[in-house]
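Below are the chains, spelled out letter by letter.
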Amino acid sequence: MDFVDLKTQYLRLHDSINSGVQGVLLHGQYVMGPEVSALEQRLADFVEVSHCVSVSSGTDALLAAMMALGVGPGDEVITTPFTFVATAESIALLGAVPVFVDIDPVSYNISPDGISAAITKRTRAIMPVSLYGQCYAVDEVRTIAGEAEVPVIEDGAQSFGAASRGRRSCGLSEIGCTSFFPSKPLGCYGDGGACFTSDADLAQALRQIRNHGQDRRYHHPLLGLNARLDTLQAAILLAKLDGFEAEIQARAAIGQRYTDEFERAGAALTRDAEVGLLVPFIPDDQLSVYAQYTIQVDDRDGVIEALRHEGIPSAVHYPIPLNEQPAFDNYPAAQDLTVSRRVSRRVLSLPMHPYLSEEDQDRIVNTVLAACS
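All figures in this text were calculated on a predicted structure; none of them were measured in a lab.

Give me the overall build of the protein: which residues, what numbers.
In terms of regular secondary structure, the protein is built from 12 helices and 14 strands. Against the globule reference of 21 Å for 373 residues, the protein gives a C-alpha radius of gyration of 20 Å, in line with a compact fold. Principal-axis analysis of the C-alpha atoms places the extent of the protein at approximately 65 × 55 × 35 Å. The buried share among the 373 residues of the protein stands at 55%.

Have a look at this one:
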């Protein structure tokens, strides 16, 4: 059993993927070839924004977004400690200060109340993470940001294809960023990412920043990055986009089935408890792409071992909050981070992909339930 089954996906799409790759090999435009602009247009249409600027990774998307907004040394960017290191790492690499705010115990996303308390005169941006495939609290965060006149950068590395009240992830703020790492809901066969915006000036800056800050050959108004998406990856993503909507619906159905099966056995929704076997809660106005299907358990090591014994892979996203990582010892927490700390000790991600069979899913659920009994 695979944690993420990329082989089955490739076998279903191999004709279109191989054709796209062959096309690039034949025309030989490996950097900024025609597939890149074609992909950007399709992605912008999908998210329903005016501009998509592809980049070489999700991390570079965050860097480019902050650079386009003028984030620099000494500025503060409010974000969550319960995420992959790239979120805060990108802030620190620009000389800015990641200000960590605790998470909501139900969604695992940043707490809007915590954001309000963390804003200072040095706050330059708010960077919520749409974790595990579910969008951040858009209306609440945008209201707070608007009152403070601070832009929002969505870290949608795990949520491309998700939606909040009918609006797609990455189209929910001034700039939305995502990753096309292979295991993401929409993944290429290497590193890749993109920024999304409807602001033409920001889009122009992002395009310059990803290509060493140049606006034309050998003319560099800005400092930038070497952050272009290569054409082979663009061709692969174009092929995968054809079936992406169906995969989103399959992920949602599999995620809901996991929850239904656990609840039948007495598991609690995350909103109801802090101990025991807890399953995700997705509100009716949200569409999650379940980048991970993540539960909470009391004896995580015991459950992991029980799954391993049955040949079932699992993963922990994320075992150590960023504020407890040595690299961030010198950066402040804006508040008590109790929820992040508690959750980090209890979360466990189960196999999740669009091709997970009901038979395998039942085996996973039964193994978890037996280990928790």
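Tell me about the environment of I115, residues and numbers included.
Positionally, I115 belongs in helix 5 (residues 112-118). On the accessibility criterion, I115 (0% relative accessible area) is buried. Separated by 13 residues in the primary sequence, I115 and D102 place their C-alpha atoms 8.7 Å from one another. Those residues in contact with I115, other than ones at most four positions away along the chain, are I78, V101, I110, I126, V141 and I144.

Summarise unusual backbone geometry; cite the residues concerned and give the values.
Residue Y318 follows H317 across a cis peptide bond; omega there is 20°. Positionally, Y318 belongs in the loop between helix 10 (300-309) and helix 11 (338-344). One non-glycine residue, E149, lies in the positive phi region at around 55°. Within the secondary structure, E149 sits in the loop between helix 6 (138-148) and strand 5 (153-155).

Tell me about the nonpolar core, residues and numbers included.
The tendency in soluble globular proteins is for nonpolar side chains to be buried side by side. Counting 41 residues, the largest nonpolar core has L39, L43, F160, L186 and F196 as its most contacted members. Listed by contribution, the elements that provide at least two residues to this core are helix 2 (34-47), strand 3 (97-100), helix 5, helix 6, strand 9 (193-197), helix 8 (231-241) and helix 9 (244-264). Setting aside anything within four residues of it in sequence, one finds L39 in contact with L229, A234, L237, L238 and L241. Residues A61, V77, A205 and L206 belong to the second largest nonpolar core, which totals 27 residues.

I'd like a description of the sheet that holds strand 3, backed by residues and values.
On the basis of which strands lie adjacent, the open sheet formed by three strands has the order 3-2-4 and parallel pairing. Because the sheet does not close on itself, it has two edges, and the strands there are strand 3 and strand 4 (123-127). The mean angle between the axes of side-by-side strands here comes to 30°, regardless of whether they run parallel or antiparallel. In this sheet, strand 3 lies alongside strand 2 (residues 76-79) in parallel orientation, the contact comprising four bridges. Paired with I78 across the two strands is V99, which belongs to strand 3. Those strands touched by helix 4 (residues 86-93) are strand 2, strand 3 and strand 4, and its axis lies near 145° from that of strand 3.

Tell me about the side chain of E35, and please be specific about residues and values.
Here E35 lies in helix 2. It is R42 that comes nearest to the buried, bridge-free E35 among opposite-charge side chains, at 12 Å. Only 3.0 Å separates the side chain of E35 from the side chain of H27, close enough to count as a polar contact. Not counting chain neighbours up to four residues away, the residues in contact with E35 comprise V24, H27, T231, A234, A235 and L238.

What counts, and at which threshold
Residues numbered from 1 in each chain as written. Predicted model: local features only at pLDDT ≥ 70, side-chain atom pairs only at ≥ 80, totals over all residues. Heavy atoms only, no water. Helix = DSSP H or I, 4+ residues; strand = E, 2+ residues; numbered from the N terminus. Rg over C-alpha atoms; globule rule 2.2 N^0.38 Å. Buried < 20%, exposed > 50% of the residue type's maximum accessible area, 1.4 Å probe, protein only. Contact = heavy atoms within 4.5 Å. Core = buried A, V, L, I, M, F, W, Y, C linked by side-chain atoms within 4.5 Å. Pairing = 2+ DSSP bridges. Axes fitted to C-alpha atoms, helices over the stretch in contact; angles between N-to-C directions. Lys, Arg positive; Asp, Glu negative; His and termini not counted. Salt bridge = Lys/Arg side-chain N within 4 Å of Asp/Glu carboxyl O. Polar contact = N/O pair within 3.5 Å; in protein donor to acceptor, adjacent residues only side chain to side chain.

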